[in-house]
Structures are given as C-alpha cells and as structure tokens.
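# Summary of the model geometry
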Amino acid sequence: MNARDFFAVAAQFKNSENEAERRTSIGRSYYALFNVVIGALTAKGVIFRQTPDDHHRLVSYLTKTRNRTANSVGSALLSLRTDRNRADYEMALVTSVRTTEFVFQKAADALAQFDSISPAEMAGIVTQIQAIP
Amino acid sequence: MSTENLVLKATHSAGNIPSSSVVNVSAEAERYAREHSLLDSLIVVKSLILRDAAFIKSVDVDLVRDPEAEAGFVICFSIQTIASVPDILEFDKGLRNSFFDAISADERASFAVRFDFD
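The following paragraphs examine the structure supplied in this document. (Residues numbered from 1 in each chain as written. Chains lettered and ligands numbered in written order. Predicted model: local features only at pLDDT ≥ 70, side-chain atom pairs only at ≥ 80, totals over all residues. Heavy atoms only, no water.)

Attention now goes to the overall build of chain A. On a plain count of helices and strands, chain A comes out with six helices and zero strands. The helix and strand sequence of chain A, counted from the amino end, reads α-α-α-α-α-α. Dimensions along the principal axes, computed over C-alpha positions, put chain A at roughly 45 × 25 × 25 Å. Counting all 133 residues of chain A, 55% fall into the buried class. Sequence-distant contacts, at least 24 apart, represent 68% of the contacts inside chain A between residues at least 6 apart. (Helix = DSSP H or I, 4+ residues; strand = E, 2+ residues; numbered from the N terminus. Buried < 20%, exposed > 50% of the residue type's maximum accessible area, 1.4 Å probe, protein only. Contact = heavy atoms within 4.5 Å.)

Here's what the structure looks like:
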C-alpha cells in the first residue's frame with residue numbers, strides 16, 4: 001500500500017469528538033511520514049534493520065547529514081514519534097483537537113519538505129548516510 | 001550554580017519572556033544531559049524556544065524513552081501554548097531550521113520539541 005494513504009485516515013479523525021479516534025489520527029500522521037521517508041531511502045540503497053530501532057535510526061541518519069531539509073524532516077520525525085508514543089501509551093493525558101490538528105499538519109508539511117528534495121540532493125543525502133560509521 | 005539555575009539563567013537572559021512563562025527541567029533530563037555532555041545544547045535549545053516566548057504558557061523538559069525501541073532516550077521539550085495552530089507550525093519550522101545551525105549533528109537527535117494546545 002501507499003503510506004501516504006495513512007494521511008486520509010489521519011484527516012478523517014483529526015477533528016473527531018472521540019479521543020480514541022484523535023489518538024488514531026496522530027498515529028497515522030506519524031506513520032505516513034515515517035513510512036514514506038524510510039521507504040524512499042531504502043529504495044535508494046540505505047539499509048535499515050527492520051526493527052523498532054529503525055525509527056530512531058532514521059532520525060539519526062537524517063539529522064547527521066549536511067542537508068538542511070533532511071535535518072528538518074528528521075527533527076519533525078523525532079518530535080512526531082514522541083507525540084505518537086504519548087497517543088498510544090499515555091492514557092492519563094488528554095489529546096486535544098488542536099494538538100491533533102497540529103500533528104497532522106506538521107507531518108503533512110514535513111512530507112512536503114521531503115518531497116521537495118531534488119534527485120541530486122537526495123543522492124547527496126544517501127551518500128552522506130552511507131558514510132556514517 | 002546548579003545546572004537548573006544555569007538553565008533558568010539562560011531562560012531569563014533570552015528576553016521577551018512573559019512573567020507567566022514557567023520552565024521545568026526534570027532531574028532525569030538534567031542528569032542525562034550532564035552524563036551525555038548535552039547540557040550546553042539543552043540550554044541552546046531552551047534559548048531558541050524562548051526567543052519568541054509570547055505564546056508559551058509553560059515548558060516541561062523531560063527525559064523520555066521510546067517504549068518500543070532499545071535505543072531512543074530523548075530530551076523532550078513539551079510546550080504548552082496559547083497560540084494558534086498555524087502560528088505554532090511556522091514557529092516549529094523555524095525552530096527546526098535553527099537546530100541545523102545551532103546544534104551539532106551528533107546531538108540533534110537527542111532533542112525533541114512538541115506542543116500541547118489549550
């Protein structure tokens with residue numbers, strides 16, 4: 001499936017009166033961005049280990065490059081991961097409509113940033129990631 | 001001067017901080033920052049956040065661990081805000097851009113910034 005389709009689910013529930021649906025929206029927003037980015041880098045030859053640590057490995061890779069846009073996307077992924085973990089594990093916290101809307105829009109904006117990376121820039125990013133010890 | 005006082009000093013030197021702003025750094029976050037030589041960057045991140053503090057109600061700085069990952073301790077700045085979603089989206093994008101200039105590449109993945117809206 002196309003991970004971008006997660007955004008449609010996130011959009012459907014981001015303003016829901018049901019908090020469980022809003023928490024679902026946060027998770028889908030994060031996973032849409034995560035899966036698109038990791039899928040694109042994998043397709044370019046970056047190796048991931050297919051473990052839960054790939055979430056932080058992806059952030060580490062992006063934020064160690066010299067590309068400003070890749071860094072911004074990496075930082076967004078890291079913060080959105082904390083939002084997703086809170087949504088899925090912290091039942092005592094309240095997840096508001098505006099927080100859910102923010103997470104959705106932030107993920108969408110970060111995806112647009114990632115999509116704006118030119119093929120030449122992407123080749124440089126991949127080269128830099130592959131040079132990380 | 002304790003680390004927390006150093007952090008708070010940095011907070012107050014950032015300027016344009018409304019009297020209602022409250023910054024809380026947990027002992028765990030402070031200890032982790034000290035043990036991993038992240039204290040300077042923690043203060044830088046705090047200063048970057050408080051550069052435009054008019055919309056900030058409070059900031060909690062905690063050490064958070066990804067419950068699904070072996071690795072993944074992160075110092076997380078949780079900002080309670082009174083601003084609009086579009087305003088915070090713009091601020092957040094600028095903040096991430098500032099990270100690139102102000103935080104070393106090896107330390108950027110140690111800091112997360114998230115927002116809660118009233």
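This part covers the packing of aromatic side chains. The full count for this structure, using the stated rule, is eleven aromatic pairs over all chains. Pairing Tyr30(A) with Phe34(A) gives two aromatic rings, centres 5.8 Å apart and planes at 20°, and the pair type is stacked. Here Tyr30(A) and its partner Phe34(A) are both found in helix α2 (residues 19-43), four residues apart, which amounts to about one turn of the helix. Neither residue differs from the other here; Tyr30(A) and Phe34(A) are each classed as buried. Taken together, a centroid distance of 5.3 Å and an interplanar angle of 70° make the contact between Phe102(A) and Phe115(B) edge-to-face. Separated into two different chains, Phe102(A) in helix α5 (residues 97-115) and Phe115(B) in strand β4 (residues 111-117) make up a pair that spans both. This pair shows no difference in class: Phe102(A) is buried, exactly as Phe115(B) is. An aromatic cluster is built from Phe102(A), Phe55(B), Phe91(B), Phe115(B) and Phe117(B), whose rings are joined through pairwise contacts. Here the basic side chain of Arg28(A) rests over the ring of Phe6(A), its NZ or CZ set 4.5 Å away from the ring centre. In this structure, Arg65(B) packs its charged tip against the face of Phe73(B), placed 5.7 Å from the ring centre. (Phe/Tyr/Trp six-rings, centres within 6.5 Å; stacked < 30°, edge-to-face > 60°. Lys NZ or Arg CZ within 6 Å of the ring centre and 35° of its normal.)

Time to look at the environment of Asp88(A). Residue and element names in this part refer to chain A. Inspection of the secondary structure puts Asp88 in helix α4 (residues 68-89). Overall, the relative accessible area of 35% leaves Asp88 in the partly exposed class. Each C-alpha atom, one on Asp88 and one on His55, is 16 Å from the other, the two residues being 33 residues apart in sequence.

Quick look at the packing of α4(A) against helix α4 (residues 85-102) of chain B now. It is at 9 Å that the axes of α4(A) and α4(B) come closest, and there the two elements cross at 115°. Along this stretch, α4(A) crosses α4(B), giving a crossing that reads as right-handed. Of the residues in α4(B), those touching α4(A) at Arg68(A), Asn71(A), Ser72(A), Val73(A), Ser75(A) and Ala76(A) are Arg96(B), Asn97(B), Phe99(B), Phe100(B) and Asp101(B). The residue makeup of the contact of α4(A) with α4(B), split by class, is four nonpolar, four polar and three charged. (Axes fitted to C-alpha atoms, helices over the stretch in contact; angles between N-to-C directions. Left-handed = near helix turned anticlockwise from the far one by under 90°. Nonpolar A, V, L, I, M, F, W, Y, C, P; charged D, E, K, R; others polar.)

Once that is clear, we can look at the interface of chain B and chain A. Taken together, the contacts link 37 residues of chain B with 35 residues of chain A. Summed over both partners, the interface of chain B with chain A comes to about 2900 Å²; 53% of that surface belongs to carbon and sulfur atoms. Area buried by chain B at its contact with chain A is led by Glu68(B), Arg96(B) and Phe100(B), which between them contribute 24% of it. If you look at where chain B meets chain A, you find seven salt bridges. A salt bridge links Glu68(B) to Arg81(A), with the nearest nitrogen and oxygen atoms 3.2 Å apart. At the boundary of chain B and chain A, one finds 19 residue pairs in polar contact (both at pLDDT 80 or more). For the side of chain B that touches chain A, the secondary structure elements donating two or more residues are β3 (73-81), α4 and β4 of chain B. When residues in the side of chain B that touches chain A are grouped by element, the largest group, ten residues, is from α4(B). Split into classes, the residues belonging to the side of chain B that touches chain A amount to 20 nonpolar, five polar and twelve charged. (Buried area = accessible area lost by both parts, 1.4 Å probe. Salt bridge = Lys/Arg side-chain N within 4 Å of Asp/Glu carboxyl O. Polar contact = N/O pair within 3.5 Å; in protein donor to acceptor, adjacent residues only side chain to side chain.)

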